[in-house]
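Coordinate inspection notes
So the chains spell out like this:
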Amino acid sequence: MKKRRRWLSMFRNERNQGKESGMAARLSLAEVREYIASRFAEPISIHELAQLTGLSPNYFGDAFKKAYGQSVMDYVTELRIGRAKQLLRDSDLYMHEVARKVGYTDEFYFSRKFKKAVGVSPSAYSKETRRRVAVTSTAGTGNLLALGIVPVAAPLDPKWSPFYHYYYQDRIPIHLSSPETELDEESLRKLSLAKPDLLILHHEYDQAIRSQLETAGIKCVEIKATKWREQLREMAAMVDRQSDCEQWLQAYEESAGQARQSVREAVGNDVFVTLRISGEDIYLYSNRGIRDMLYQDLALATIPEQKKLCNEVISLEQLSHINPDRLLVLICPDARTRKFWLSLQYHMQWRSLEAVKNSKLYVIPSNPWFEYSALAIIRMMEEATLMLTGKNPASSLVPVHGVT
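In what follows, the accompanying structure is described.

Reading guide: rules and limits
Residues numbered from 1 in each chain as written. Predicted model: local features only at pLDDT ≥ 70, side-chain atom pairs only at ≥ 80, totals over all residues. Heavy atoms only, no water. Helix = DSSP H or I, 4+ residues; strand = E, 2+ residues; numbered from the N terminus. Buried < 20%, exposed > 50% of the residue type's maximum accessible area, 1.4 Å probe, protein only. Areas by Shrake-Rupley, 256 points an atom, 1.4 Å probe, with all protein chains shown as cover. Salt bridge = Lys/Arg side-chain N within 4 Å of Asp/Glu carboxyl O. Polar contact = N/O pair within 3.5 Å; in protein donor to acceptor, adjacent residues only side chain to side chain. Contact = heavy atoms within 4.5 Å. Phe/Tyr/Trp six-rings, centres within 6.5 Å; stacked < 30°, edge-to-face > 60°. Lys NZ or Arg CZ within 6 Å of the ring centre and 35° of its normal. Pairing = 2+ DSSP bridges. Arc of directions from axis to C-beta.

A few words now on the overall build of the protein chain. Within the protein chain one finds 21 helices and eleven strands. When the 404 residues of the protein chain are sorted by exposure, 46% land in the buried category. About 21,000 Å² of surface is accessible on the protein chain, with carbon and sulfur atoms providing 49% of the total.

Have a look at this one:
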């Protein structure tokens, strides 16, 4: 309280000095909003906040609501309840201590405000083991679904994530923007509306963005592992689904073993090469999913370059020198690439490749072959098995994902 009074006193002195020099110092609405966010646990009045802007209380209240879509006091309540959720999750404080720390002197009034905002009482919330979880990446969605959890918010777009859009657009309430390497203002707004307890990040974000989310009561955690199995285990620990995780992995290993035997019987020791075609270039290509699933779990024979990450331009002459028995090709969907792909099929050097001559060339789609998650890996395995053996290895796993 003393710190706040000193801040207001200092501001008023500066403002009076400004008046004396003919310039009245005022805070913008954004600065006042930042001021509220840093002091929401203290008593705050519309009158004092309006003074900081030089506006009348009524005009200030209307301007704030027009700018941010909520009243000043609704914003204060949102901040207080958000902080209360953090304390209830992550501390052993008594209820009256939580109430005081977020700005409520009356524990019962705090409980009523909390239940109105969250839907359950603070005591019920603190005992709740199931969390509302959101993710910022398509891979995060795939891993979360493998653990039996449907996220309350996730990147969902018919172009960037067609599989999840088709099957889960009605079950995932909040659809975040794609691509997913950043969170724009619209996605941040949607996350605030979704009110997840936990947001799982798959990329590094600016600290200001994380602070904004955490101020709203959203706990942000970042996936550190780089291999999909470790990523799945790391996420399972975050949402208390370790047992489900290990069961899923055990089932996957059994399926992979069966698929490996079935594929080996069909292809023998044929050498595989994976290509990506973009523009008028051919790339020797292997991403993390292709490397892990094709060349490790299914143990397909390939050249050394394909057993690690690669994305290198390769000429037809170089490809002819390798002359693989089978080719898997990813084709970018733009018009220039499609035109080149059509012309390539008439090129004599391309037509002379063993894989092309023997009709052992397979065009694979970007989805799921560009995604790196537990669910994407098993979809790749099933697609590869069907493609190479003609037999569907299993019925779709979609109906059993995210059942809770």
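With that settled, consider the pattern of salt bridges. Taken as a whole and assessed by the stated rule, the structure comprises twelve salt bridges. A salt bridge links glutamate 222 to lysine 224, with the shortest nitrogen-to-oxygen separation between them at 4.0 Å. In this structure, the salt-bridge partner of arginine 241 is aspartate 244, at a minimum N-O distance of 3.7 Å. Its relative accessible area of 17% is what places arginine 241 among the buried residues. Given the relative accessible area of 31%, aspartate 244 is considered partly exposed.

Its place among the elements puts threonine 302 in strand 8 (residues 301-302). Reaching out from threonine 302, the side chain makes a polar contact with the backbone oxygen of phenylalanine 272 at a distance of 2.7 Å. When residues no more than four places from it in sequence are discounted, the contact partners of threonine 302 are Val271, Phe272, Tyr295 and Lys307.

Across the ten residues that make up helix 15 (residues 288-297), a large majority, eight, are buried. Listed as buried for helix 15 are Gly289, Ile290, Arg291, Asp292, Met293, Leu294, Tyr295 and Asp297. With a side-chain oxygen lying 3.2 Å from the backbone nitrogen of glycine 289, the N-terminal cap of helix 15 falls on asparagine 287.

For the coordinates displayed, the defined rule picks out 14 aromatic pairs. Judged by centre distance (5.9 Å) and plane angle (85°), the rings of tryptophan 341 and tryptophan 350 are edge-to-face. Given the relative accessible area of 7%, tryptophan 341 is considered buried. Grouped by ring-pair contacts, the aromatic residues Phe60, Phe64, Tyr68 and Tyr75 constitute a single cluster. The ring of tyrosine 68 has arginine 33 sitting right over it, with the charged end atom 4.5 Å from the ring centre. The ring centre of tyrosine 75 lies 4.4 Å from the NZ or CZ of arginine 33, which sits over that ring.

Most of strand 10 (residues 326-331) sits out of view: six of its six residues are buried. Burial along strand 10 is two-sided: Arg326, Leu328 and Leu330 and Leu327, Val329 and Ile331, pointing in opposite directions, are all buried. Taken together, the six bridges between strand 6 (residues 271-278) and strand 10 define a ladder with parallel strand orientation. From the neighbouring strand, arginine 276 faces strand 10, where its bridge partner is leucine 330. In terms of strand pairing, strand 10 meets strand 11 (residues 361-364) through four bridges, oriented parallel. From the neighbouring strand, leucine 330 faces strand 11, where its bridge partner is isoleucine 364.

As a further point, take helix 12 (residues 207-215). Along helix 12, the positions that sit buried rather than exposed are Ile209, Arg210 and Leu213. Summarising the axial view, the buried residues of helix 12 lie within an arc of 100°, below the 170-degree limit, and thus occupy one face. Elements that come into contact with the buried residues of helix 12 comprise helix 11 (185-194), strand 4 (198-201) and strand 5 (219-222). A positive backbone phi angle near 85° is found at glycine 217, which sits one or two residues after helix 12.

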